[in-house]
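Structure at a glance
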Amino acid sequence: MNICVVGCGYVGLVTAACLAHIGHRVTGVDVDEDKVAALTVGQLHIYEPGLRELVQQNLLTDRLAFHCRPARAVESASAIFICVGTPPKPSGDADTSQVEAAVRAMGGYLNRGYKVVVNKSTVPIGSANWVATLIAEAAGAKQGVSFDVVSNPEFLREGSAIADTLHPDRIVVGTDSPAALEVMRRLYAPIVEQRFPHGDPCPAGRGSPHWMETDPTSAEVIKYASNAFLATKISFINEIANVCEAVGANVKEVSRGMGLDPRIGPQFLSAGLGWGGSCFRKDVSALAYIAREYGCTTRILDATLAVNEDQRARVVRKLQGELQILKGKTITLFGLSFKPNTDDCRDSPALAIAKRLLELGCKVKAHDPRAEAVAAQEVPAILMADDPIGAATDADAVVLATEWPELVGLDYRQVASVMRGRLVVDARNALDPRKLAAAGLKLVGMGR
Ligand SMILES: NC(=O)c1ccc[n+]([C@@H]2O[C@H](COP(=O)([O-])OP(=O)(O)OC[C@H]3O[C@@H](n4cnc5c(N)ncnc54)[C@H](O)[C@@H]3O)[C@@H](O)[C@H]2O)c1
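Residues numbered from 1 in each chain as written. Predicted model: local features only at pLDDT ≥ 70, side-chain atom pairs only at ≥ 80, totals over all residues. Heavy atoms only, no water.

Quick notes on the packing of helix α9 (residues 216-247) against helix α12 (residues 299-323)
Axis angle and axis distance: for two packed helices, these are the angle between their axes and the distance between the axes, and together they describe the pair. What counts is decided by this rule: Each axis is a line fitted through C-alpha atoms, and for a helix only the stretch in contact is used; angles between axes span 0 to 180 degrees, taken between their N-to-C directions. Secondary structure elements follow DSSP: runs of H or I no shorter than four residues count as helices, runs of E no shorter than two count as strands, and numbering proceeds from the N terminus. Working rule for angles: under 35 degrees goes down as roughly parallel, over 145 as roughly antiparallel, 65 to 115 as roughly perpendicular, anything else as oblique. For any pair of crossing helices, the crossing counts as left-handed if the nearer helix is rotated counterclockwise from the farther one by less than a right angle, and right-handed if it is rotated clockwise. When checking whether two residues touch, look at their non-hydrogen atoms; a contact exists if any pair is within 4.5 Å. Residue type decides the class: Asp, Glu, Lys and Arg count as charged, Ala, Val, Leu, Ile, Met, Phe, Trp, Tyr, Cys and Pro as nonpolar, and the leftover types, Gly among them, as polar.
α12 packs onto α9 with a crossing angle of 45 degrees between their chain directions and a minimal axis gap of 9 Å. Judged by the inter-axis angle, α9 sits oblique to α12. Between α9 and α12 the crossing geometry is left-handed. Residue-level contacts link Ala-228, Ala-231, Thr-232, Ser-235, Asn-238, Glu-239, Asn-242 and Glu-245 of α9 to Ile-300, Leu-301, Thr-304, Val-307, Asn-308, Gln-311, Arg-314 and Lys-318 of α12. A per-class count over the contact of α9 with α12 returns five nonpolar, seven polar and four charged.

Quick look at the structure:
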């Protein structure tokens, strides 16, 4: 099948590469000419494990190509995936201007046969109808325009995006059109049947995904509600962590005991610095905004956001509690990306802490295995070090802000030998207290 993917960021590029890998002919379209020029020769602007290899491999077979202009790719495609960004507005509402521009740009080229336009971007509830209206406007009086809009939300996680795309838990397809459903079933058949004619780059052994057909509005709500639930689960355990700290319990033990109940499950029960990334805050805020527009109250969503914000402040308060005056102190952050195995720093808790410490007059040093260049663009005042030992040198305290395995597994005796102070704040509850104690360091965790 010929497929066009509009937007080649974290979601679009993974989608394009994976759809090419399962045998489709895919053109990725992006407005950023530099990105497209680099992608055309197999150079990526983002880090995602295995993605560069997958892109390069599929470029060589001609199943994958990149362009700046949508015209030819849209004309020849049976399905057009919208994967552009939907960042938050200050009001919390999603900014859909990228979606609007992308749809208007391609709307004029939909006149050759029936096409399915697939909303993969996370969009406000009701967007399937809105996109259909935009396309109809852009197509104007052109003859032969025949299309349906499908809501097909994306659930991939950065850091394991290829495995999540080729071995998803579920594929949700929201449409009322039998013709669109047929196209979507054919398009996803290799993933549903777990058939990989060109090999499986990350055999995950998760079995066949659930295939869920539903109406477009329910599909749109499924995406927002899923992210809101995951964010709430983390905020919940963080609130419990704070209770544990007050009463002298260990939240890691509490999580372990709670997670053994299959109704609760162990995932997303790690207390710490809280969530970040491009999606959770934006999607929880957008859902709350939409709910309010319809006269619904959002007490749980509001609390989820507030608890998460407070976790970041809590780490700074721990540093103040231990070191008193922070002005003039050197604080080292281990990790800057919002989570391990990605260079994505959007709404990174580590960067929020860095900014606050800089406001308080600290010298902030940092090391991250992948995200230093991206982080330096957002917070240029952080002093980056090529390795963790360089970053920890002369530090009054170290904060483990992102639990990269190479930072968790460091020799903390060596870290201790270069630090000025003794304090390590383990904002991810990932370090082994015995090892830190053996290194002569004082470990302060989150709820333990
Ligand atoms: N990143 C994730 O983990 C994730 C997971 C699930 C869903 N989502 C959703 O997927 C969508 C995309 O997220 P992302 O992280 O890939 O964003 P991103 O910012 O990394 O990528 C968006 C891309 O779209 C391009 N673009 C913008 N306007 C365009 C236009 N008019 N035509 C063509 N290209 C255009 C940009 O240049 C950029 O490359 C968002 O709605 C997001 O909420 C993201």
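Next comes the rest of the write-up.
Concerning unusual backbone geometry
For clarity, the threshold we go by: Between buried and exposed lies partly exposed: a residue is buried under 20% and exposed over 50% of the maximum accessible area for its type, with that area taken using a 1.4 Å probe on protein chains only.
Residue Asp-62 is not a glycine yet carries a positive backbone phi of 65 degrees. On the secondary structure map, Asp-62 appears in the loop between α3 (51-60) and β3 (64-67). With a relative accessible area of 64%, Asp-62 lands in the exposed category. With a phi angle near 60 degrees, Gln-324 is a residue other than glycine that sits in the positive phi range. Among the structural elements, Gln-324 can be located in the loop between α12 and β9 (330-334).

A short note on the nonpolar core
How we decide: For our purposes a nonpolar core is just a set of buried Ala, Val, Leu, Ile, Met, Phe, Trp, Tyr and Cys residues, chained together by side-chain atoms within 4.5 Å.
Ranked by internal contacts, the top residues of the largest apolar core, which has 45 residues, are Leu-13, Val-26, Leu-51, Val-55, Phe-66, Phe-81 and Leu-187. Per element, the largest residue contribution to this core is eight residues, and it comes from helix α1 (residues 10-21). With 30 residues, the next largest nonpolar core counts Val-315, Val-316, Leu-333 and Leu-423 among its residues.

Digging into the packing of helix α5 (residues 97-107) against helix α6 (residues 127-139)
Where α5 contacts α6, the axes come no closer than 8 Å and their chain directions differ by 40 degrees. Compared by their axis directions, α5 and α6 come out oblique. Along this stretch, α5 crosses α6, giving a crossing that reads as right-handed. Of α6, the residues touching α5 (which contributes Val-99, Glu-100, Val-103, Arg-104, Met-106 and Gly-107) are Trp-130, Val-131, Leu-134, Ile-135, Glu-137, Ala-138 and Ala-139.

A few points about the site of the ligand
Test applied: By convention in these notes, a residue is near a molecule or strand provided one of its non-hydrogen atoms lies within 4 Å of it. Two N or O atoms form a polar contact when they lie within 3.5 Å of each other; inside protein one atom must be a possible hydrogen donor and the other a possible acceptor, and for residues adjacent in sequence the pair counts only when both atoms belong to side chains. Note that the domain bounds were set by an automatic or database domain assignment.
Surveying the vicinity of the ligand reveals 27 residues, the closest of which are Asp-30, Lys-35, Thr-86, Glu-158 and Lys-282. Interatomic distance of 2.6 Å between a side-chain N/O atom of Asp-30 and an oxygen atom of the ligand. Contacts to the ligand include Arg-346, whose side-chain N or O atom sits 2.9 Å from an oxygen atom. Of all the secondary-structure elements, those providing two or more residues to the shell around the ligand are α1 and α5. Sort the elements by how many residues they give to the shell around the ligand and α5 lands first, with three residues. Residue classes in the shell around the ligand are distributed as twelve nonpolar, eight polar and seven charged. The residue makeup of the shell around the ligand includes at least three contributed by each of domain 1 (2-208) and domain 2 (223-306).

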